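# Observations on the three-dimensional arrangement
Spelled out, the chains give:
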Amino acid sequence: MSESATGVIDEKVVIITGASHGIGAGLVAAYRDAGFKVVASALSVGPSTDPNVVNVAGDISDSKTADLIMSEGVDRFGRLDTLVNNAGAYISKPFTQYTRADFDLMLSTNLAGFFHITQRALRVMEAQGWGHIVTITATVAEQPVKGVPAALASLAKGGLNSVTKALAIEYASRGIRVNAVSPTIIRTHPEASYAGLEAQIPLGRIGEIEDVTSAVMYLESARYVTGEISHVDGGQSAGHW
Ligand SMILES: NC(=O)c1ccc[n+]([C@@H]2O[C@H](COP(=O)([O-])OP(=O)(O)OC[C@H]3O[C@@H](n4cnc5c(N)ncnc54)[C@H](OP(=O)(O)O)[C@@H]3O)[C@@H](O)[C@H]2O)c1
């Protein structure tokens, strides 16, 4: 919470995309614990039962969904402090087996999904003179792993890592920080088997949702950090393993 010029305590507001499941659902809980009001978006999500959470349904790659997030969520709460670009897609295949549909899904969800809402959020942040953008990318984009072909993730998430630095520089003088969190395998689907995958990770275990949310909340409080790609990967990107 922060105190406005009139002495009124204002609650900060965050947009979280891909908020209905996995890391996104964990982020909604972490930001609510930190006192934020939340605009939570996902492909399919019903009305929220929490008056401090507005749910907005729609495909994040469609600019109309970004417009809805702003008009139904941000305009209603009256300010915007943080945007977390969490919605994303991941398809692992040998490169020559990717289909046109795989390509379209990976690029639209990860890149168009970033572009439309980030543009709208930055317009608000620029006018108010502060703000924070965090994007969830993926370690595999920078550190490909033998036996885990994921070139389309490199194409999409690599672009997000790159634009994080570009926007950090472009907006630094306007009081806006831009960071990324780059996770390795995170246990977001409890019913799935992660057997054997620990061998790829120096710390010897699969990541948990809380490992990612705690990194995002660190960046939230780290006022001198911008343009950072924070690896939450059990040491995977530190070197060969
Ligand atoms: N889990 C991992 O191992 C891992 C590793 C590295 C990076 N990441 C990245 O972390 C982020 C979150 O991953 P996760 O595993 O937590 O995801 P998840 O459990 O599969 O949940 C995905 C969320 O994104 C929403 N979503 C998917 N496509 C969307 C679209 N086109 N428009 C709007 N919402 C959409 C889903 O909404 P619905 O539920 O309504 O479909 C859901 O809320 C992603 O960017 C992912 O690439 C994950």
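Residues numbered from 1 in each chain as written. Predicted model: local features only at pLDDT ≥ 70, side-chain atom pairs only at ≥ 80, totals over all residues.

Moving on, we get to the overall build of the protein chain. Helices and strands together make up the secondary structure of the protein chain, namely 5 helices and 9 strands. For 241 residues, the compact-globule formula gives about 18 Å, and the C-alpha radius of gyration of the protein chain, at 18 Å, lands near that figure. Each principal axis of the C-alpha atoms in the protein chain carries an extent, and together these give about 60 × 35 × 35 Å. The 241 residues of the protein chain split such that 40% are buried. For the protein chain, the proportion of contacts with a sequence separation of at least 24, taken over those separated by at least 6, is 63%. (Helix = DSSP H or I, 4+ residues; strand = E, 2+ residues; numbered from the N terminus. Rg over C-alpha atoms; globule rule 2.2 N^0.38 Å. Buried ≥ 20, exposed ≤ 12 C-beta atoms within 10 Å, placed from the backbone. Contact = placed C-beta atoms within 7 Å.)

Before going further, it helps to spend a moment on the nonpolar core. Within the largest apolar cluster, 55 residues are counted, with the highest numbers of intra-cluster contacts made by Ile15, Ile16, Leu27 and Val39. Dropping the residues within four chain positions of it, Ile16 is found in contact with Gly24, Leu27, Val28, Tyr31, Val38, Ala40, Val84 and Asn86. (Core = buried A, V, L, I, M, F, W, Y, C linked by C-beta atoms within 7 Å.)

What follows concerns the site of the ligand. Taken together, 27 residues lie around the ligand, and Gly18, Gly22, Ile23, Leu43 and Gly88 are the ones closest in. Elements with a minimum of two residues in the shell around the ligand: helix H1 (22-33) and helix H3 (100-128). If you tally residues by element for the shell around the ligand, the top one is H1, at 3 residues. Within the shell around the ligand, the residues separate by chemical class into 14 nonpolar, 12 polar and 1 charged. (Near = placed C-beta within 6 Å. Nonpolar A, V, L, I, M, F, W, Y, C, P; charged D, E, K, R; others polar.)

Attention shifts here to the sheet that holds strand S8 (residues 176-183). For sheets, the rule is that strands pair by backbone hydrogen bonds, running either parallel or antiparallel. Spatially, S5-S4-S3-S6-S7-S8-S9 is the arrangement adopted by the 7 strands of the open sheet, whose pairing is parallel. The open sheet has two edge strands with one neighbour each: strand S5 (53-57) and strand S9 (229-232). For this sheet, the mean angle separating the axes of adjacent strands, direction not counted, is 15°. Relative to strand S6 (residues 82-85), strand S3 (residues 13-17) is paired through 3 bridges, and the arrangement is parallel. Bridge assignment links Val14 to a residue of S6, and that residue is Thr82. The sheet strands contacting helix H2 (residues 63-77) are S3, strand S4 (37-42) and S5, and the helix crosses S5 at an angle near 165°. (Pairing = 2+ DSSP bridges. Axes fitted to C-alpha atoms, helices over the stretch in contact; angles between N-to-C directions.)

On to the pairing of S3, then. Across the 5 residues that make up S3, a large majority, 5, are buried. A two-sided burial pattern is seen for S3, the buried positions comprising Val13, Ile15 and Thr17 on one face and Val14 and Ile16 on the other. Following the chain from S3 across H1 to the adjacent parallel S4, one finds a crossover that is right-handed. (Right-handed = clockwise from strand over helix to strand, strands pointing away.)

Turning to the packing of H2 against H3, a few remarks are in order. At their nearest, the axes of H2 and H3 sit 8 Å apart, and the two run at 35° to each other. The crossing of H2 and H3 is right-handed. Mapping the contact onto sequence places Ser63, Ala66, Ile69, Met70 and Val74 in H2 and His116, Ile117, Arg120 and Val124 in H3. Across the contact of H2 with H3, the residue classes break down as 6 nonpolar, 2 polar and 1 charged. (Left-handed = near helix turned anticlockwise from the far one by under 90°.)

Time to look at the packing of H1 against helix H5 (residues 209-221). As a packed pair, H1 and H5 sit with axes 9 Å apart at the nearest point and diverge in direction by 50°. Relative to H5, the element H1 is oriented oblique. Taken as a pair, H1 and H5 cross one another with a handedness that is right-handed. Of H5, the residues touching H1 (which contributes Gly22, Ile23, Gly26, Leu27 and Ala30) are Ile209, Glu210, Val212, Thr213, Val216 and Met217. Of the residues contributing to the contact of H1 with H5, the split by class is 7 nonpolar, 3 polar and 1 charged. (Parallel < 35°, antiparallel > 145°, perpendicular 65-115°, else oblique.)

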